[in-house]
Amino acid sequence: MTHRPPLGQHFLRDPNVIKTILAAAELTPNTTALEIGPGKGILTEALVPRVGTLVVVELDKTLARDLQHRFQDNVHVTIIPGDFLRVDLSSLFPRDDARQPMKILGNLPYSITSPIFEKILTWPAWDTGVFLIQREVADRMRSGPGSRSFGILSLAVQLFAKVELILNVKPGAFRPPPKVQSAVIRLRRKVRPDVPPETIPSFFDLAHGAFAHRRKTLGNSLSYHSGLAKKAVENWLKQQSVDPGKRAETLELEDYVRLSEKWAIFRRENGFDIAPDNVYNTERFSD
């Protein structure tokens, strides 16, 4: 019987996948790299001679201790034991405009992939990320209008970054093998998201409202979500040249961008302001 690690890790073991990840990351000897969830360190080992500075965050205390011991003589490598979702990235990497934007890499735990992306997408210190994730999640991140997998995760990721599929990875590349297919993706973070910072809360409120009842029409779903009268919402959509009888997945990212500021105004005029502190709630990544 295969022994499953206590945190449910699936350790990458295929050297060809490692080579693909390294090539996609476009590393240089001056690169500052952040690795999330190194596990037993197969990717870490390959990164060390290829980058100038490497910071690694590992939740498993035993694995983190092993990595600290292995790389204790390398002053350019820092191993941080702890939960990546709780790490203060701004303190860990003080902003230095003279420094080259960093690369982020990782074989991400499937159970917390969305919260990890939520955390890094709004963090401005990186320019390229290469991740090994569940294939289904990769498909959702890359999908476009008309696809059944197109939803809030698609919009959230594509608002902040360009997504590329680099490689499909079979379960046999891991030990123990997962029950699902995996994929290597590359994210190139946009210097500026497609909407200004002050409009991001409205963008996600609109997207979440549209997809909250994805089997219903836009008019119905946005009405249920906002508490506004269905007729008022339908009239507003028509004013924006959007058919209220359409469904959320038929609109493009550009449509949500175009409508987001107007949605905030419409809600405000009807006494339903959007709470800005809810903008980065993890529910925005679920459909």
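Note that the structure is a prediction, hence the values are computed from the model and not measured.

Tallied over the entire structure, the rule returns eight aromatic pairs. Here the aromatic rings of phenylalanine 117 and phenylalanine 131 are separated by 5.1 Å at their centres, their planes lie at 85°, and the arrangement is edge-to-face. Of this pair, phenylalanine 117 sits in helix H5 (residues 113-121) while phenylalanine 131 sits in strand E6 (residues 126-134), and the two are 14 residues apart along the sequence. The pair phenylalanine 117 / phenylalanine 131 is uniform in exposure class, with both members buried. Taken together, the aromatic side chains of Phe150, Phe211 and Tyr256 make up a single cluster linked through ring pairs.

Moving on to the side chain of serine 223. Tracing the sequence through the fold places serine 223 in helix H9 (residues 218-226). At a separation of 2.7 Å, a polar atom in the side chain of serine 223 contacts the main-chain carbonyl oxygen of leucine 228. In contact with serine 223, not counting residues within four places along its chain, are Leu228, Ala229, Lys230 and Val233.

A separate point is the pattern of salt bridges. One pass over the structure, following the stated rule, counts 12 salt bridges. With a closest N to O distance of 3.1 Å, arginine 135 and aspartate 139 form a salt bridge. Here the residue arginine 135 and the residue aspartate 139 both occupy positions in helix H6 (residues 135-142), the gap between them amounting to four residues, near one helical turn. Residue arginine 135 is classed as partly exposed on the basis of its relative accessible area of 27%. Note that aspartate 205 and arginine 267 form a salt bridge whose closest N and O atoms lie 2.7 Å from each other.

It is worth spelling out the layout of surface pockets at this point. When its volume is computed, the largest pocket comes out at roughly 590 Å³. Taken together, 32 residues form the lining of the largest pocket, with Gln9, Gly37, Asn107, Leu108 and Pro109 sitting closest to its centre. Elements represented by at least two residues in the lining of the largest pocket include exactly strand E1 (11-12), strand E2 (32-36), helix H2 (42-47) and strand E3 (53-58).

What follows deals with the pairing of strand E9 (residues 182-189). For E9, the tally of buried residues reaches six of eight residues, placing the bulk of the element in the interior. With seven bridges connecting them, E6 and E9 associate as antiparallel partners. Its bridge partner being in E9, threonine 128 is matched across the sheet by arginine 188. Note: strand E7 (residues 161-169) against E9, eight bridges, orientation antiparallel. Each bridged residue has a counterpart across the sheet, and for leucine 165 the counterpart in E9 is isoleucine 185.

What follows deals with the nonpolar core. The biggest cluster of nonpolar side chains holds 60 residues, and the ones touching the most others in it are Leu34, Phe117, Leu187 and Tyr256. With 27 residues, the next largest nonpolar core counts Leu43, Leu67, Val130 and Val169 among its residues.

Now for helix H11 (residues 253-269). Each turn of an α-helix holds 3.6 residues, which means side chains three or four residues apart point in the same direction. Given a rise of 1.5 Å per residue, 17 residues ought to cover 24 Å, and the 25 Å separating the end C-alpha atoms of H11 matches this to within 8%. At serine 260, H11 is deflected by roughly 40°, the largest bend along its length. Within H11 the residues assigned to the buried category are Leu253, Tyr256, Leu259, Ser260, Trp263, Ala264, Phe266 and Arg267. Tucked into the core, H11 has its buried residues touching helix H7 (152-160), helix H8 (200-211), H9 and helix H10 (230-239). Just past H11, the residue glycine 271 takes up positive phi, approximately 80°.

What counts as what
- Residues numbered from 1 in each chain as written.
- Predicted model: local features only at pLDDT ≥ 70, side-chain atom pairs only at ≥ 80, totals over all residues.
- Heavy atoms only, no water.
- Phe/Tyr/Trp six-rings, centres within 6.5 Å; stacked < 30°, edge-to-face > 60°.
- Helix = DSSP H or I, 4+ residues; strand = E, 2+ residues; numbered from the N terminus.
- Buried < 20%, exposed > 50% of the residue type's maximum accessible area, 1.4 Å probe, protein only.
- Polar contact = N/O pair within 3.5 Å; in protein donor to acceptor, adjacent residues only side chain to side chain.
- Contact = heavy atoms within 4.5 Å.
- Salt bridge = Lys/Arg side-chain N within 4 Å of Asp/Glu carboxyl O.
- 1 Å grid on protein atoms, 1.4 Å probe; cavity = no way out; pocket = protein on both sides within 12 Å on 5 of 7 lines; lining within 4 Å.
- Points joined across faces, edges and corners; volume = space filled by probe spheres on them.
- Pairing = 2+ DSSP bridges.
- Core = buried A, V, L, I, M, F, W, Y, C linked by side-chain atoms within 4.5 Å.
- Expected span 1.5 Å × (residues − 1).
- Bend = angle between axes of the 7 residues up to and from the residue.

Function-wise, these values are silent; they only describe arrangement.
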